[in-house]
Amino acid sequence: IALCEAKGSPPAQPTRARELRFKWKLFWHFLHPHLLALGLAIVLALGAALVNVQIPLLLGQLVEIVAKYTREHVGSFVSESRRLSIQLLLLYGVQGLLTFGYLVLLSHMGERMAMDMRKALFSSLLRQDIAFFDAKKTGQLVSRLTTDVQEFKSSFKLVISQGLRSSTQVIGSLMTLSILSPRLTLMLAVVTPALMGVGTLMGSGLRKLSRQCQEQIARATGVADEALGSVRTVRAFAMEKREEERYQAELESCCCKAEELGRGIALFQGLSNIAFNCMVLGTLFIGGSLVAGQQLKGGDLMSWWLPRQSMASLSVLFGQVVRGLSAGARVFEYMSLSPVIPLTGGYSIPSKDLRGSITFQNVSFSYPCRPGFNVLKNFTLKLPPGKIVALVGQSGGGKTTVASLLERFYDPTAGVVTLDGHDLRTLDPSWLRGQVIGFISQEPVLFATTIMENIRFGKLDASDEEVYTAARKANAHEFISSFPDGYSTVVGERGTTLSGGQKQRLAIARALIKRPTVLILDEATSALDAESERIVQEALDRASAGRTVLVIAHRLSTVRAAHSIIVMANGQVCEAGTHEELLQKGGLYAELIRRQALDASLPSAPP
Ligand code: ADP
Ligand code: MG
């Protein structure tokens, strides 16, 4: 059910109360290569903090001297305070150096960790099942790679740098204070745990809010990504206004959530400020009476001022920890998700034994994100090696689904698909997809790079000569050469700067360069005009020779050359035979032919 969350969900989706846990084990995995740097950073930060604790003590002594000179003007203030001032200057210098050091180390390890996390998340996303992507929006996934990693990284850095500084300062000062006055310490020992208890309680509420907030940001990114990615469609429908409003609506609720979170954090900080200030008042009160009773020097009370500040910054930090933890949980969520269909592993048939015979035996299938809906029911099909089989049938009948099962994008719910007698599930999927099957779809998607690289996508180690040969076979060489930049022409995102027929021919070249044993043509020419269809069809006919081919088509003119034709309806085979046989039979196929023949615009109507 969770798989379908993104698909067609209404904008105002109720937020799921699903608890996303921060995976400490994964965090440790990313942290441990940097333990040395972390250790060093901690040591430096501790050093800086200790120096920071020293500074107010010396300042306190200096204040004592100043106070003395305000009372009585004897002796030289300069000579008396020189030693202290030089010490202070030295401490300032050391503190600055240490700060520089630990910040450099932290940013080094923070950036490395963020990079490693992005790499790991990206490769784990790429490994997920196709069913996973059916249910997710790209923008939401991308937002985990960008925003969430960023948020996690900055929280991590802040927690180490500021958190370490503030807490050592607090602890350090408490220690000096406890030496100075046990009574003050006792008071703190009672108050601090109580405050921490309240803080933890508030923290869990804030974490939930923060998670919802990040979820909402991702949703907004998803909307923007979709609109920008399909800007041509948006423009064609003059839907800019609506997309704007959709994005604005998501942003508004983003903003509301963030404000709510902000209010929560503000409340926390306000309360903790009151608490701290009360503590200061209490200290001054108790400390003052000690000073009055000559048990404590006024300057020593100075050492209490700094921890107050540190405690306040600890409470600020707390909000960041909350955000960091929920961002981290989102980053780690998909990292430990393992796909049902692995990318590699399994048997690969040696190329000399590979014949390319394919069978579907009683295959039933429903898409994981629409479990109750059976797309294929008891479907049986045989693709003899080296022969062309056509699959026809009404749109939505499950033809593309057959191709997807053959590519092993999904596994059948029941029944088996075999290649040369081997169950596809026992074969190495990357070998199957990379070397055995060539897939050409109706809407070929190219990458925003050169034509050369696009064709080479089919076989990464192909030589330039191989690319040219494949392009010639695909009837593409001519138009590519006519471009000023030839094979170095960049095709735009998804190949938008090419015509449909050109894109299709590049897709054919890309599929042919891997010399596939089995070729799937899923309505490869149906989006083309008559002229490009002729050129593409010619290339496809040439490419089909000697291969096991599954042609999926609704335009029946393209399937008459097939050795056999399968007519599909409602996920089942309802007729099979050659063109003539099926015409004779006068069933669904004959009906389809008759209907298309009526369409006068069809250039090659059957007799
Ligand atoms: P055809 O290629 O014959 O037009 P398809 O195989 O694409 O048909 O689709 C068959 C049925 O499966 C349709 O009802 C369609 O809505 C559904 N379908 C297709 N792809 C998916 C998917 N990724 N997730 C869920 N249902 C799908
Ligand atoms: Mg289809």
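Residues numbered from 1 in each chain as written. Chains lettered and ligands numbered in written order. Predicted model: local features only at pLDDT ≥ 70, side-chain atom pairs only at ≥ 80, totals over all residues. Heavy atoms only, no water.

Attention now moves to the site of ligand 1. Close to ligand 1 lie 15 residues, the nearest being G396, G398, K399, T400 and T401. Here an oxygen atom of ligand 1 and a backbone polar atom of G397 are 3.2 Å apart. Within the side chain of T400, one N or O atom sits 2.6 Å away from an oxygen atom of ligand 1. Within the complex, 77% of the 560 Å² of free accessible area of ligand 1 lies under protein. (Near = heavy atom within 4 Å. Polar contact = N/O pair within 3.5 Å; in protein donor to acceptor, adjacent residues only side chain to side chain. Areas by Shrake-Rupley, 256 points an atom, 1.4 Å probe, with all protein chains shown as cover.)

Attention now moves to the sheet that holds strand β3 (residues 388-393). Read from one edge of the open sheet, six strands run β6-β7-β8-β3-β9-β10, paired in mixed fashion. Every other strand in the sheet has two partners, leaving β6 (437-440) and β10 (572-577) as the edge strands with one partner each. Strand-to-strand, the axes of this sheet are offset by a mean angle of 20°, without reference to chain direction. With five bridges joining them, β3 and strand β9 (residues 564-569) adopt parallel strand pairing. What sits directly across from A390, in β9, is I565. Sitting on the sheet, helix α12 (residues 429-436) is in contact with β6 and β7 (518-522), with an inclination near 65° to β6. Set on the sheet, helix α17 (residues 530-544) makes contact with β3, β6, β7 and β8 (548-552); between it and β7 the angle comes to about 155°. (Pairing = 2+ DSSP bridges. Helix = DSSP H or I, 4+ residues; strand = E, 2+ residues; numbered from the N terminus. Axes fitted to C-alpha atoms, helices over the stretch in contact; angles between N-to-C directions. Contact = heavy atoms within 4.5 Å.)

Before going further, it helps to examine the nonpolar core. One finds I455, I480, L506 and Y589 to be the most contacted residues of the largest nonpolar core, which totals 46 residues. Among the elements that take part in this core, helix α16 (residues 500-512) stands out by supplying five residues, more than any other. Beyond its immediate chain neighbours, meaning those up to four positions away, L506 contacts L446, I451, I455, A476, F479, I480, V491 and L498. Core analysis: the next-biggest nonpolar cluster, separate from the first, contains 45 residues, F30, A37, L58 and L84 among them. (Core = buried A, V, L, I, M, F, W, Y, C linked by side-chain atoms within 4.5 Å. Buried < 20%, exposed > 50% of the residue type's maximum accessible area, 1.4 Å probe, protein only.)

So, on to the pattern of salt bridges. Counted according to the given criterion, the structure contains 23 salt bridges. For E453, the salt bridge identified is with R456, shortest N-O distance 3.6 Å. Linking E453 with R456, this pair stays in helix α13 (residues 451-456), spanning three residues, or about one helical turn. Classification of R456 as buried rests on a relative accessible area of 14%. Here the salt bridges do not stand alone but share partners, grouping K137, E226, R242, E243 and R246 into one network. (Salt bridge = Lys/Arg side-chain N within 4 Å of Asp/Glu carboxyl O.)

Before going further, it helps to examine the confidence of the model for the protein. Looking at the protein as a whole, the pLDDT averages 84, with 91% of positions reaching at least 70. The lowest-confidence element of the protein is helix α9 (residues 298-301), averaging 64 in pLDDT; the highest-confidence one is strand β1 (residues 358-365), averaging 95. Confidence over residues 1-17 falls short of pLDDT 50; this stretch has 20 contacts with residues more than four positions distant or in other chains. Interface predicted TM-score (ipTM) for the complex: 0.98; the corresponding pTM is 0.81. (pLDDT = per-residue confidence, 0-100.)

One pass over the full model with this rule turns up 19 aromatic pairs. Summarising the aromatic geometry, the rings of F268 and F318 are spaced 4.3 Å apart at their centres and angled 20° between planes, so their arrangement reads as stacked. Of the two residues, F268 sits in helix α8 (residues 240-292) while F318 sits in helix α10 (residues 305-333), which places them 50 residues apart along the sequence. Members of the aromatic cluster, connected to one another through ring pairs, are F22, W24, F27, F30, F152, F156 and F332. (Phe/Tyr/Trp six-rings, centres within 6.5 Å; stacked < 30°, edge-to-face > 60°.)

A few words on the side chain of R547. Tracing the backbone through its elements, the reader meets R547 in the loop between α17 and β8. Nearest to the buried, unbridged R547 among oppositely charged side chains is E466, at 11 Å. A distance of 2.9 Å separates a polar side-chain atom of R547 from the backbone oxygen of A543. When neighbours within four sequence positions are excluded, R547 is seen to be in contact with G386, K387, L512, R515, P516, T517 and L519. (Lys, Arg positive; Asp, Glu negative; His and termini not counted.)

Whether parallel or antiparallel, the strands of a sheet pair through hydrogen bonds between backbone atoms. The strand order across the open sheet built from four strands is β2-β1-β4-β5, with neighbouring strands paired in antiparallel fashion. Each having just a single partner strand, β2 (376-383) and β5 (422-423) make up the two edges of the open sheet. The pairing of β1 with strand β4 (residues 414-419) spans five bridges and is classified as antiparallel. Bridged to F360 within β4 is V417. Relative to β1, helix α11 (residues 399-406) is tilted by about 115°, and along the sheet it contacts β1, β2 and β4.

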